[in-house]
Number of protein chains: 2
Amino acid sequence: MQVIETVSGVRNLRGQIKNSVGFVPTMGYLHDGHLALVKRARAETDTVVVSIFVNPTQFDVGEDLVSYPRDLERDLEFLEREKTDIVFVPSNKEMYPSFSTWIDVEGITEKLEGLHRPGHFRGVATVVAKLFNIVQPGRAYFGQKDAQQVLVIKRMVSDLKMNLEIVVVPTVRESDGLAMSSRNVHLSHEERRAATVLFKALSLAEELWRGGEEDADEIRFQMTSLIAGISLASIGYISIANIGTLEEMKIITPPALVSLAVRIGKTRLIDNAILK
Amino acid sequence: MQVIETVSGVRNLRGQIKNSVGFVPTMGYLHDGHLALVKRARAETDTVVVSIFVNPTQFDVGEDLVSYPRDLERDLEFLEREKTDIVFVPSNKEMYPSFSTWIDVEGITEKLEGLHRPGHFRGVATVVAKLFNIVQPGRAYFGQKDAQQVLVIKRMVSDLKMNLEIVVVPTVRESDGLAMSSRNVHLSHEERRAATVLFKALSLAEELWRGGEEDADEIRFQMTSLIAGISLASIGYISIANIGTLEEMKIITPPALVSLAVRIGKTRLIDNAILK
């Protein structure tokens, strides 16, 4: 496993690779969700590249950039174990030297997470495009947990005619249903227990839908009631939307994306499910 | 020479090319300025790809998209003669099917042409990025005549870490100094004669600079006076600016970009020179 800090270093290595390249971009502090992406890349491609970069441009002022958890040593151990070939760990300066170019995906970025985190997806799209240009993978792997991010990346790749395939990997969960997230580390013991409410609310939505409920407002209402019963939880949004456009639905026509953001104490968590 | 209309067609061909690829993006109606780019690509790379696409997103409402001159048959004859390997001639629908992603280069796009043509460089940067992703050249060739466009493209390539080299080719001129441009075809006989005032004004600036004049305002004033003497000409802007930032200068520190936009009758022309 080679750990590379510079763009030119990755580019030199990349120039020598003739077989297929799979790429997993991460912000580090790896958990089983990330490792599922790496395993999938390992199974499907010859050379696996993972990047670890806490991208400052996707955090808004006042967001948790500074407190975002980091543990490079542990991350590298994990990646070595998964037989990663190349780990790219650039500095901020390496990624953003006198930077002035941005990629905007219009429409879908103005909803849900984009509405609550202005500039977030501009930062995501831009850094992902840069990483794609540096690594030049044939396939890149993203987790379904960040459903809107997946949509934005796919749209960017399609619109800008980027020559790679986006592979979406199902959300990995703890045994009680909590979606794996680097931010889970911030949860106190009590908050950790309260955090299962996201999965419970999604499960409730799926149960109602399977039971024949087609009224999105009714499902939103019942999800809201469930979460309102947890004193540590405060709802950011609960959405039942068209999975392509992210337009909210009144009557559910599948496939629909049920997604929610809930603050548990000071930690903002997101999760989603698809109604088929 | 292969003429290809689809992205997938170019991509299939590109996948088979193992040697170096040189790319010349154009809007067609080719003149000797374009052919200088093609010749340079032919001399420097193994496979030469030229695109012909009048990109609608870089024209503002009310600009000359509809009247922009087109002659594909003649263009293809020219390109065949220059031993072009692949010509990419996509339709609008092929390039922009349900499109929502834009690339913005901040700062330098807000000056000069960007100020007078809102959205122009967003359209340019976006379509050029798409073409780069489709063609995947090692080198792409642009004319110095569109000096600000060159700056914007170079900045985008550097910022987004695109893996290619931008080659800038000197402006090709008619015998009386008029810079080659597809838009010159719109000029009447009388306007054609008046149009030489752009080159005359640039030559005056160079002469004054070589003669020791360092005051940018004085040079701008003399250029303005010269052009004011031509009744068919109306000045858009006259700029003497830092060649990296496009900030206007008071006292000239070389290298400085002298650039101007002048409307001759209904036709808007641009040209530039560098004070070294």
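Keep in mind the model is a prediction, meaning the values are calculated, not measured.

Calculation rules
- Residues numbered from 1 in each chain as written.
- Chains lettered and ligands numbered in written order.
- Predicted model: local features only at pLDDT ≥ 70, side-chain atom pairs only at ≥ 80, totals over all residues.
- Heavy atoms only, no water.
- Helix = DSSP H or I, 4+ residues; strand = E, 2+ residues; numbered from the N terminus.
- Expected span 1.5 Å × (residues − 1).
- Contact = heavy atoms within 4.5 Å.
- Pairing = 2+ DSSP bridges.
- Least-squares fit on C-alpha atoms with pLDDT ≥ 70 in both.
- Core = buried A, V, L, I, M, F, W, Y, C linked by side-chain atoms within 4.5 Å.
- Buried < 20%, exposed > 50% of the residue type's maximum accessible area, 1.4 Å probe, protein only.

(A) Structural context of helix α9 (residues 197-210) of chain A. Residue and element names in this part refer to chain A. Over its 14 residues, α9 extends 20 Å from the first C-alpha to the last, a length consistent with the 20 Å expected when each residue adds 1.5 Å. Where α9 is buried, its residues meet α8 (189-194), α10 (216-228), β8 (233-242), β9 (256-264) and β10 (267-275). Phi turns positive, to about 105°, at Gly212, one or two residues after α9.

(B) The arrangement of the pairing of strand β7 (residues 165-169) of chain A in detail. Pairing between strand β6 (residues 139-143) of chain A and β7 of chain A: 5 bridges, direction parallel. By the bridge assignment, Arg139 of chain A is partnered in β7 of chain A with Glu165 of chain A.

(C) Layout of the relation of the copies chain A and chain B. Overlaying chain A on chain B yields an RMSD of 0.0 Å, the required transformation being a rotation through 180° with an accompanying axial translation of 0.0 Å. The transformation just described matches what one would write down for a two-fold rotation axis. Among all residues of chain A, the one whose C-alpha sits closest to the rotation axis is Ile103 of chain A, at a distance of 2.3 Å. An overlap of 100% is found between the interface residues of chain A and their copies at the interface of chain B, pointing to a shared contact surface.

(D) Representation of the environment of Asp271 of chain B. Residues and elements named next belong to chain B. Tracing the backbone through its elements, the reader meets Asp271 in strand β10 (residues 267-275). Placed 175 residues apart in sequence, Asp271 and Tyr96 show a C-alpha to C-alpha distance of 30 Å. Non-local contacts of Asp271, meaning those with residues more than four positions away in its chain, are made with Arg173, Ala179, Leu198, Phe199, Leu202, Val258, Ser259 and Leu260.

(E) Representation of the nonpolar core in the model. In this structure, Phe132, Ile153 and Met156 of chain A together with Phe132, Ile153 and Met156 of chain B are the most contacted members of the largest nonpolar core, which totals 94 residues. Excluding residues within four positions of it along the chain, Ile153 of chain A makes contact with Val124, Val128, Phe132, Phe142 and Ile166 of chain A.

By themselves, these observations are geometric and do not establish any function.
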